Amino acid sequence: MDFYLEQIIDLYDQLADLGVSYWVGDGFYAKQKVFDTVTGLGGDLITRLRSDANLRYLYTGPPKDGPGRPKQYDGKINWDDQEALTRRFDEVGRLSDQPEVRVLTTVAGSPHFGLDLRVVLLIGPNGEEQVILAWADANQHAEEVARYYRLRYQIEPVIRDAFWHTGLTHREARSQEKLDFHLNMSVAAVNVLRLLAQKAECSLRTYRREAYNRLLIGRLFSKLGLSAEYDRTDPRVQSVVHTGRMAV
């Protein structure tokens, strides 16, 4: 974790110049030192909390009479009490692409982080599944928390697909410029591959395999001195092209 935080610190000024102030991390980053580092740099952390996260409702009742510190919290949040969650959280809508998922929100106090967090609760059908998201900026809207956190999953598949399909790590250069070029080309190739696979209605692996098979057929014909012209729709040719094909 210390190594990851060093990267954030090293890159923060460059990203801040680009207007980046929101940082998204999965539950692995829901740690005190991460909150302290990001907020200390002037940024806001969006993360996922454990299903039994220790959070407290903020007290919103009338002020306390007499001397003493005003009441700040109003009990611990019980994540298993669906009735209380529905009553004490504000339901702000549903996910646009998953209308069966309810979006509830509140501002809650975190004794562990020492912060008041914007908490967003995503509840699946019949309350069977819950996801607890939190943003260090308690003034932000719940829809933004859910939207930004869900965007991070679009980053991970790109890295995964570039690793498996377009040779992301198949470069031994040491020059920063050469490495940047290779990484950019690898990710760009993923985008092209996705478009081609979508048009062919198959998986990325299947499209890559069939492209390799077509190349291999052409090379075999060429090396054997035979004509590389053949009917691509011929079932016999298609059976060879589809070797290793996997369902979507």
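In the block above lies the structure referred to throughout.
The structure displayed is predicted, hence computed values, not measured ones. The numbers attached to residues start from 1 for each chain and follow its sequence in the written order. Note on the predicted model: pLDDT of at least 70 is required for a residue's local features to be given, and 80 or more for side-chain atom pairs to be given and counted; whole-chain, interface and lining totals, by contrast, use all residues. Side-chain figures throughout are based on the complete set of non-hydrogen atoms in the structure, without hydrogens or water.

Draft legend 1. Geometry of helix α4 (residues 142-165). Counting from the N terminus, the helices are the DSSP runs of H or I reaching at least four residues and the strands are the DSSP runs of E reaching at least two. Each helix should span, by expectation, one fewer than its residue count multiplied by 1.5 Å. Spanning 24 residues, α4 covers 36 Å between terminal C-alpha atoms, matching the ideal 34 Å at 1.5 Å per step. For every residue, the accessible area (1.4 Å probe, protein chains only) is compared with the maximum for its type, and the residue is labelled buried under 20%, exposed over 50%, or partly exposed between those bounds. Those residues of α4 that fall on the buried side of the exposure criterion are A142, V145, A146, Y149, R152, V158, D161, A162 and H165. Where α4 terminates, the next one or two residues include G167, which has phi positive at roughly 65°.

Draft legend 2. Fine view of the packing of α4 against helix α6 (residues 204-223). Axis lines are fitted through C-alpha atoms, for helices just across the contact stretch, and the angle between N-to-C directions can take any value from 0 to 180 degrees. The contact between α4 and α6 brings their axes to 11 Å, and the two run at 25°. Between α4 and α6, the angle falls in the class roughly parallel. α4 and α6 meet at a crossing whose hand is right-handed. Facing α4, whose interface residues are D161, W164 and H165, α6 presents L204, R205 and R208. Residues are sorted three ways: Asp, Glu, Lys and Arg are charged, Ala, Val, Leu, Ile, Met, Phe, Trp, Tyr, Cys and Pro are nonpolar, and all the rest, Gly among them, are polar. Grouping the amino acids of the contact of α4 with α6 by side-chain chemistry returns two nonpolar, one polar and three charged. By the definition adopted for this analysis, an angle is roughly parallel if under 35 degrees, roughly antiparallel if over 145, roughly perpendicular if from 65 to 115, and oblique otherwise. A crossing counts as left-handed when the near helix is turned anticlockwise from the far one by less than a right angle, and as right-handed when that turn is clockwise. Any two residues whose heavy atoms approach within 4.5 Å at even a single point are treated as in contact.

Draft legend 3. Structural view of the nonpolar core. The term nonpolar core refers to a set of buried residues drawn from Ala, Val, Leu, Ile, Met, Phe, Trp, Tyr and Cys, joined through side-chain atoms within 4.5 Å. Counting 27 residues, the largest nonpolar core has L49, L55, I77, W79, F89, V119 and L121 as its most contacted members. Residue assignment for this core shows that the elements contributing at least two residues are α1 (2-17), α2 (32-40), β2 (44-49), β6 (102-110), β7 (115-123) and β8 (130-135). Broken down by element, this core gets its largest block of residues, four residues, from β7. In this view, L49 contacts A30, L55, F113, I132 and A134; residues no more than four positions away in its chain are not counted. V101, V131, A146 and Y149 belong to the second-largest nonpolar core, a separate cluster that totals 13 residues.

Draft legend 4. Highlighting α1. The end-to-end C-alpha distance of α1, which contains 16 residues, comes to 24 Å, matching closely the 22 Å that a straight helix rising 1.5 Å per residue would cover. The complete set of buried residues in α1 reads L5, I8 and Y12. Among the structural elements, β1 (22-25) and α2 are those in contact with the buried residues of α1. Downstream of α1 by a residue or two, G19 has a phi angle that is positive, lying close to 90°.

Draft legend 5. Representation of the side chain of T166 in the model. Residue placement: T166 occurs in the loop between α4 and α5 (176-200). Two N or O atoms count as a polar contact when they lie within 3.5 Å, although within protein this holds only if one can serve as hydrogen donor and the other as acceptor, and sequence-adjacent residues are included solely when both atoms are side-chain atoms. Side-chain polar atoms of T166 contact the side chain of S186, separated by 2.9 Å. Residues contacting T166, with those up to four places away along its chain left out, are D161, S186, A189 and V190.

Draft legend 6. How the structure looks around the packing of α1 against α2. Here α1 crosses α2 at 10°, and the two axes come no closer than 11 Å. Classified by the angle between their axes, α1 and α2 sit roughly parallel to one another. Residues D2, L5 and I9 of α1 lie in contact with α2, whose contacting residues are K33, V34 and T37.

Draft legend 7. Molecular detail of the layout of surface pockets. Grid points spaced at 1 Å over the protein atoms alone were grouped into cavities, where a 1.4 Å probe fits but cannot get out, and pockets, open sets with protein on both sides within 12 Å along at least five of seven lines, with lining residues defined by an atom within 4 Å of a point. Grid points are joined across faces, edges and corners, and a volume is the space filled by probe spheres set on the points. Put simply, the largest pocket is a space of about 630 Å³. W23, V24, G25, R152 and I155 are, among the 18 residues lining the largest pocket, the residues nearest its centre. Counting residues per element, the ones that place at least two in the lining of the largest pocket are α1, β1, α2 and α4. Top element by residues in the lining of the largest pocket is α1. It accounts for five residues. A per-class count over the lining of the largest pocket returns 13 nonpolar, two polar and three charged.

Draft legend 8. Main features of the side chain of T105. Tracing the chain through its elements places T105 in strand β6. Here R118 takes part through its side chain, which lies 3.1 Å from a polar atom of the side chain of T105. A polar contact is formed between the side chain of T105 and the backbone oxygen of V119, at a distance of 2.8 Å. Among all residues touching T105, those that are not within four sequence positions of it are F89, D90, V92, R118, V119, V120 and A142.

Draft legend 9. Representation of the pairing of β1 within the structure. Burial along β1 is one-sided: the residues W23 and G25 are buried and none of Y22 and V24 is. At least two bridges found by DSSP between two strands are what make those strands a pair. Pairing between β1 and β2: four bridges, direction parallel. Of the residues in β2, the one forming a bridge with Y22 is D44. When the strands point away from the viewer and the connection leading from the first strand across the helix to the second strand turns clockwise, the crossover is called right-handed. With α2 bridging β1 and the parallel β2, this β-α-β connection has right-handed handedness.

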